[in-house]
Amino acid sequence: MPNLKSPLQVSGGPEQRRFLGDVDAMAGVHVEACYQCGKCSGGCPLSFAMDYQPRQIMRLIQMGLADEALASSTIWVCATCFTCTSRCPRDVDIAGVMDVLRVMARRRGIRPGDRNVGVFHRAFLSSIRRFGRSYELGLMIGYKLGTLRLTEDLPLGVRMLAKGKLAIFPAVAKGRKEVAAIFDEAEKGVAADAVKPAGAAGKGGSNQ
Amino acid sequence: MTAETMQYAYYPGCSLHSTAREYDLSVKAVARAAGVELLEIPDWNCCGASSAHVTDPFLGFALPARTLAQGEEMGLDIMAPCAACYGRLMAAKEEAHRHPDFVRRFEAASGRRFSAKRPVLNVLEFLTAEKVAPAIGAAVKRPLSGLKVASYYGCLLVRPPKVTHFDDAERPVIMDRVLETIGATPVDFPFKTECCGASLGISRVDLVIELAARIVEAAKGAGAEAIAVACPLCQTNLDGRQAAAATKRRETFGLPVYYVTQLVGLALGLRPAALGLGRQTVDTMGLLRQKKLA
């Protein structure tokens, strides 16, 4: 961890600082340690497709600009490749912060800044919840219906079916009830967080 | 683990039972040839990559924890060939120390115990394990002489280094060493650990075509005739999107994308069909015939 005896001054009022504190607590990092060197953005393979560079997302968090960060396309275009995390000289787990921002966006009901990616995650998780394992064909159908991108990749899908790479029927884990219980427990946790006072989410609470 | 039979708890994950069947086939065939027994974790579930950890932190932890807990019940080290599964399993082990409350909630919801202590191996750690590597070296029957291969590691085997503790995060060499063992010629190239886009291959095809183009063109530019991978998502993106990537660059690529275990199996004298060669999109057999390796 970097030396935080004299952290960067964080602008904004208590509301802004609360957002920074929540991100820090949930991700187990110190976003305020970021000194904007831009190494994360230089190495990011997907920065060309983002509305804010990873470096700018860190700055938005420092400034408490939650709405801008949570509605960005960046957090959904990020492929969690961890190049940024591995290279950060200030030991900020930037990819971990992206995960936290996606979780926060979902909890606050903010529409994903990239619609298709959001639909994909929902379709994927609903297949795991039902079967315990991923059911690719069902996932693809769910995704296609959710995005109305019905013909994209049809030839690829047909080829994969022909090569035996897509099962027609789902594989089912015997313990799928146990897997469903894990999903239920995850939702209970979200509900419990929601009734806590703002700023107390995650371990460690806020930095106020 | 006894001295006579080496055993691992085997976690294929969803991809190896569907889109990456040839990876499953070739991992098992190579293990058999090396005298290693892979015992499939009986009721494994999806690790959740790459959706669970972006949706809920506890869910991202608990899905891989359930599979790990079953591996612990078997009393064996766990081998996970899919790099995405491996990344999630390693992350869950790390999170268990950071979030004791996650462990408590998982144990209550699942009725299982989870110590987060069992080692988890990726396929390259498996192939180079102290007792496995010599067995493979001794079993090489048909060295892949003259085959120039770029080893592509992608992201999750090497990153984040604090979680995977595997090789060098910027310039890994272990797959290159494996290729040398089987007589192939590893080709160094600068995109070894660049990201292929992973599950964006479904939701943002346009982006993955660009990423695949960068990686394949770098491999080809370095003189590689083929690419070796150790991850189903890397394989699907570099192979399945290669034609579109070539069109985008107005180039012809035609680089077969093999699972590293398919190449090892070939060198061990196994039949191409037993290794699932022929299931990939870019032709995998033409190059091997041309080099008189199949």
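Residues numbered from 1 in each chain as written. Chains lettered and ligands numbered in written order. Predicted model: local features only at pLDDT ≥ 70, side-chain atom pairs only at ≥ 80, totals over all residues.

## As for the overall build of chain A
As a reminder, the rule being used: By the criteria applied, helices consist of DSSP H or I runs no shorter than four residues and strands consist of E runs no shorter than two, each listed in order from the N terminus. Neighbour density around each residue's C-beta defines its exposure: 20 or more other C-beta atoms within 10 Å make it buried, 12 or fewer make it exposed, and counts between make it partly exposed, where C-beta atoms are placed from the backbone.
Counting secondary structure elements, chain A contains 11 helices and 0 strands. Seen in sequence order, chain A has helices and strands lined up from the N terminus as α-α-α-α-α-α-α-α-α-α-α. When burial is assessed residue by residue, chain A has 45% of its 208 residues classed as buried.

## Describing the overall build of chain B
Rule in force here: Our radius of gyration looks at C-alpha atoms and nothing else; its globule reference is 2.2 Å times the residue count to the power 0.38.
A tally of regular secondary structure across chain B gives 16 helices and 8 strands. Taken over C-alpha atoms, the radius of gyration comes to 19 Å for chain B, in line with the 19 Å a tight globule of 294 residues would show. Along the first, second and third principal axes, the C-alpha set of chain B runs to 55 × 50 × 30 Å. Counting all 294 residues of chain B, 64% fall into the buried class.

## A closer look at the sheet that holds strand 5 (residues 148-151) of chain B
Residue and element names in this part refer to chain B. Note the threshold: Strands pair, by our definition, only if DSSP identifies at least two bridges between them. Lines fitted to C-alpha atoms define the axes here, with helix axes fitted over just the stretch in contact, and angles between the N-to-C directions of these axes take values from 0 to 180 degrees.
Strand order across the open sheet formed by 4 strands is 6-5-7-8, with parallel pairing between neighbours. Of all strands in the sheet, those bounded by a partner on one side alone are strand 6 (185-187) and strand 8 (257-259). Recorded for the sheet is a direction-independent mean angle of 40° between the axes of neighbouring strands. By the bridge criterion, 3 bridges tie strand 7 (residues 226-229) to strand 8 in an arrangement that is parallel.

## Considering the sheet that holds strand 3 (residues 78-79) of chain B
Two modes of strand pairing occur in sheets, parallel and antiparallel, and in both the strands are linked by backbone hydrogen bonds. The strand order 2-1-3-4 (chain B) describes an open sheet built from 4 strands, whose pairing is parallel. Of all strands in the sheet, those with a lone pairing partner are strand 2 (36-40) and strand 4 (120-121) of chain B, marking the two edges.

## A few points about the domain arrangement of chain B
Residue and element names in this part refer to chain B. We count it as follows: Each domain span listed reflects an automatic or database assignment of domains. Two residues form a contact once the distance between their C-beta atoms, set from the backbone, is within 7 Å. When residues are grouped by polarity, Ala, Val, Leu, Ile, Met, Phe, Trp, Tyr, Cys and Pro land in nonpolar, Asp, Glu, Lys and Arg in charged, and all others, Gly among them, in polar.
Along its sequence, chain B is carved into domain 1 (6-123) and domain 2 (140-290). When each unit is reduced to the centre of its C-alpha atoms, the spacing between domain 1 and domain 2 is 23 Å. Residue-level contacts link 24 residues of domain 1 with 27 residues of domain 2. Among the elements of the structure, helix 1 (13-16), helix 2 (21-33) and helix 5 (83-98) are those that each provide at least two residues to the side of domain 1 that touches domain 2. With 9 residues, helix 2 is the largest single contributor of residues to the side of domain 1 that touches domain 2. Its residues assigned to classes, the side of domain 1 that touches domain 2 comprises 15 nonpolar, 6 polar and 3 charged.

## Brief notes about the interface of chain B and chain A
If you look at the interface, chain B gives 48 residues, while chain A gives 52 residues. Within the residue set of the side of chain B that touches chain A, elements represented by two or more residues are helix 3 (52-55), helix 4 (57-74), helix 6 (100-110), helix 11 (200-203) and helix 12 (205-221) of chain B. Counting residues per element, the side of chain B that touches chain A draws most heavily on helix 4 of chain B, which supplies 6 residues. The residue makeup of the side of chain B that touches chain A, split by class, is 22 nonpolar, 16 polar and 10 charged.

## Digging into the environment of C47(B)
In this fold, C47(B) is placed in the loop between strand 2 and helix 3. Beyond its immediate stretch of four places on either side in the chain, C47(B) contacts G13(B), L63(B), P64(B), T67(B), C85(B), R88(B) and L89(B).

## Some points on unusual backbone geometry
Residue and element names in this part refer to chain B. With an omega of -15°, the peptide bond between R159 and P160 qualifies as cis. Counting through the fold element by element, P160 comes out in the loop between strand 5 and helix 9 (161-164). In this model, A198 sits at a positive phi of 45°, which is unusual for a non-glycine residue. Residue placement: A198 occurs in the loop between strand 6 and helix 11. A positive phi angle, close to 55°, is found at K292, a residue other than glycine. Mapped onto the fold, K292 is located in the segment after helix 16 (285-290).

## Re the packing of helix 4 of chain B against helix 6 of chain B
Residue and element names in this part refer to chain B. Let me state the cut-off plainly: Any angle between 65 and 115 degrees counts as roughly perpendicular, while under 35 counts as roughly parallel, over 145 as roughly antiparallel, and the rest as oblique. In this scheme, a crossing is called left-handed if the near helix is turned counterclockwise away from the far one by less than a right angle; it is called right-handed if the turn is clockwise.
For the pair helix 4 and helix 6, the least separation of the axes is 10 Å and the interaxial angle reads 55°. Classed by the angle they form, the pair helix 4 and helix 6 counts as oblique. As for the relative orientation of helix 4 and helix 6, their crossing is right-handed in sense. Contacts between helix 4 and helix 6 involve F58, F61, A62, A65 and R66 from the first element and F102, R105, F106 and S110 from the second. Taken together, the residues of the contact of helix 4 with helix 6 break down into 6 nonpolar, 1 polar and 2 charged.

## Brief notes about the pairing of strand 1 (residues 6-10) of chain B
Residues in a regular strand project their side chains so that they alternate between the two faces of the sheet. All names here are of chain B. Burial within strand 1 is extensive, with 4 of its 5 residues counted as buried. Sheet topology places strand 1 next to strand 2; 5 bridges connect them, and they run parallel. When the bridges of strand 2 are listed, M6 appears paired with V36. Here 2 bridges tie strand 1 to strand 3, and the two strands are oriented parallel to one another. By the bridge assignment for strand 3, A9 is matched with I78.

## Considering the domain arrangement of chain A
Domain boundaries assigned for chain A yield domain 1 (14-110) and domain 2 (115-190). Measuring from the centre of the C-alpha atoms in domain 1 of chain A to the corresponding centre in domain 2 of chain A gives 28 Å.

## Describing the environment of V158(A)
Take V158(A): it is sitting in helix 10 (residues 154-162). Through-space distance from the C-alpha of V158(A) to that of R130(A) is 25 Å; in sequence the pair is 28 residues apart.

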